[in-house]
Amino acid sequence: VGSLFWTKGLWFVPFIIVAAGMLRALSLRTFSCMLWGLLAPIMIVGSLAYVTDNLQEWASGYEQTLMVPVAFYRTRLYGKTYLFVSGSVLVLSILSAIRNMGSLSIWQSRITRVTIWMILYPALLIILPHFSFEMQVLVAMGGAMTVPLWIQRQRNQRMSELTLSLLAAFTLLMQWNI
């Protein structure tokens, strides 16, 4: 149903399939259920559009929202600085997660790989002309898992508290765009 509200979410279906395969949760049954769950709402709405003779309009609107880029936001210097700092913290947390994967169990290592790809795939989509920084929210989901682990793994407790405090303060200031 989410693909009816946010069409660009369909670009994440290949990622979900690969992630399910990496976690060994992908079988013919789960794949067919996922495919049916993806297509059923679209088929229902498409059928309603066909019955009301609006199929052409609905299909062209659906295609446009899938392929047309959204408006790119113009950010001021503070916003660009925030993106640079948060991106740097995210890169450091990914590198820390990769470095510590050898000490994890096989299952935890797989979850870590999926989390890293959950950060990198939307980050790569931001670069494409069909996307803008709306994908940053999806990058934040993976970052919410790797950044706290990176901060927790720091040896100096004061440094980890300072890093977390500065990141939180910087994020709060960004909300008011000071």
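Please read all numbers here as calculations on a predicted model, not as lab measurements.

## A look at the packing of helix 5 (residues 77–99) against helix 8 (residues 157–176)
Between two packed helices, both the angle of their axes relative to each other and the distance between the axes serve to describe the pair. The contact between helix 5 and helix 8 brings their axes to 11 Å, and the two run at 150 degrees. By the angle between their axes, helix 5 is roughly antiparallel relative to helix 8. For the pair helix 5 and helix 8, the crossing hand works out as left-handed. Contacts between helix 5 and helix 8 involve Tyr78, Gly79, Thr81, Tyr82, Val85 and Val89 on the former and, on the latter, Leu167, Phe170, Thr171, Leu173 and Met174. For the contact of helix 5 with helix 8, a count of residues per class yields eight nonpolar, three polar and no charged.

## What about a nonpolar patch on the surface?
A cluster of nonpolar side chains, namely Leu26, Phe31, Leu35, Trp36, Leu39 and Met43, defines an oily patch on the protein surface of about 550 Å² accessible area. With respect to the secondary-structure elements, Met43 resides in helix 3 (residues 28–51). Judged by its relative accessible area of 41%, Met43 falls in the partly exposed class.

## Some words on the packing of helix 3 against helix 4 (residues 55–67)
Two elements in contact, helix 3 and helix 4, have axes separated by 7 Å at closest approach and are oriented at 140 degrees. Taken together, the axis directions place helix 3 and helix 4 in an arrangement best described as oblique. Residues Ile42, Val45, Gly46, Ala49 and Tyr50 of helix 3 touch helix 4, and the partners they reach there are Leu55, Trp58 and Tyr62. Considered class by class, the residues forming the contact of helix 3 with helix 4 number seven nonpolar, one polar and no charged.

## Observations concerning helix 5
Note on helix geometry: an α-helix contains 3.6 residues per turn, so any two residues three or four positions apart are oriented the same way. Over its 23 residues, helix 5 extends 33 Å from the first C-alpha to the last, a length consistent with the 33 Å expected when each residue adds 1.5 Å. Tyr78, Gly79, Tyr82, Ser86, Val89, Leu90, Ser93, Ile94, Ser96 and Ala97 are the residues of helix 5 that are buried.

## Thoughts on the side chain of Gln154
Checked against the element boundaries, Gln154 lands in the loop between helix 7 (136–152) and helix 8. Take Gln154: its relative accessible area is 19%, and that puts it in the buried class. Within the local environment of Gln154, its side chain forms a polar contact with the backbone nitrogen of Ser160, the two atoms lying 3.2 Å apart. When sequence neighbours within four positions are dropped, the list of residues in contact with Gln154 reads Met159, Ser160 and Thr163.

About the criteria used
Note on numbering: residues in each chain are counted from 1, in written sequence order. With pLDDT at 70 or above as the cut-off, local features in this predicted model cover only qualifying residues; side-chain atom pairs require 80 or more to be listed or tallied, and sums for whole chains, interfaces and linings still use all residues. As a convention, hydrogens and water are excluded, and side-chain values are obtained from all of the structure's heavy atoms. Only the stretch in contact is used when a helix axis is fitted, and all axes are lines through C-alpha atoms; the angle between N-to-C directions ranges over 0 to 180 degrees. The secondary structure listing takes helices from DSSP runs of H or I that are at least 4 residues long and strands from runs of E that are at least 2 residues long, numbered from the N terminus. Angular relationships are summarised with four words: roughly parallel below 35 degrees, roughly antiparallel beyond 145, roughly perpendicular across 65 to 115, and oblique for the angles in between. The hand of a helix crossing depends on one turn: near helix anticlockwise from the far one by less than a right angle means left-handed, and clockwise means right-handed. Whether two residues are in contact is decided by their heavy atoms: any pair within 4.5 Å suffices. Three classes are used, and their members are as follows: Ala, Val, Leu, Ile, Met, Phe, Trp, Tyr, Cys and Pro are nonpolar, Asp, Glu, Lys and Arg are charged, and the others, Gly among them, are polar. A residue counts toward a patch only above 30% relative accessible area and without a salt bridge, and it is joined to like-charged neighbours within 9 Å or, for Val, Leu, Ile, Met, Phe, Trp and Tyr, to nonpolar neighbours within 5 Å. Per-residue and other accessible areas were derived by the Shrake-Rupley procedure at a 1.4 Å probe size, with only the shown protein chains allowed to occlude residues. The working definition used for a salt bridge is a side-chain nitrogen of Lys or Arg within 4 Å of a carboxyl oxygen of Asp or Glu. Think of it in three bands: with a 1.4 Å probe and only protein chains considered, a residue is buried below 20% of the maximum accessible area for its type, exposed above 50%, and partly exposed in between. In a helix, the anticipated span is given by 1.5 Å times the number of residues less one. Counted as a polar contact is a pair of N or O atoms within 3.5 Å, where, for protein atoms, one must be capable of donating a hydrogen and the other of accepting one, and residues adjacent in sequence contribute only when both atoms are in side chains.

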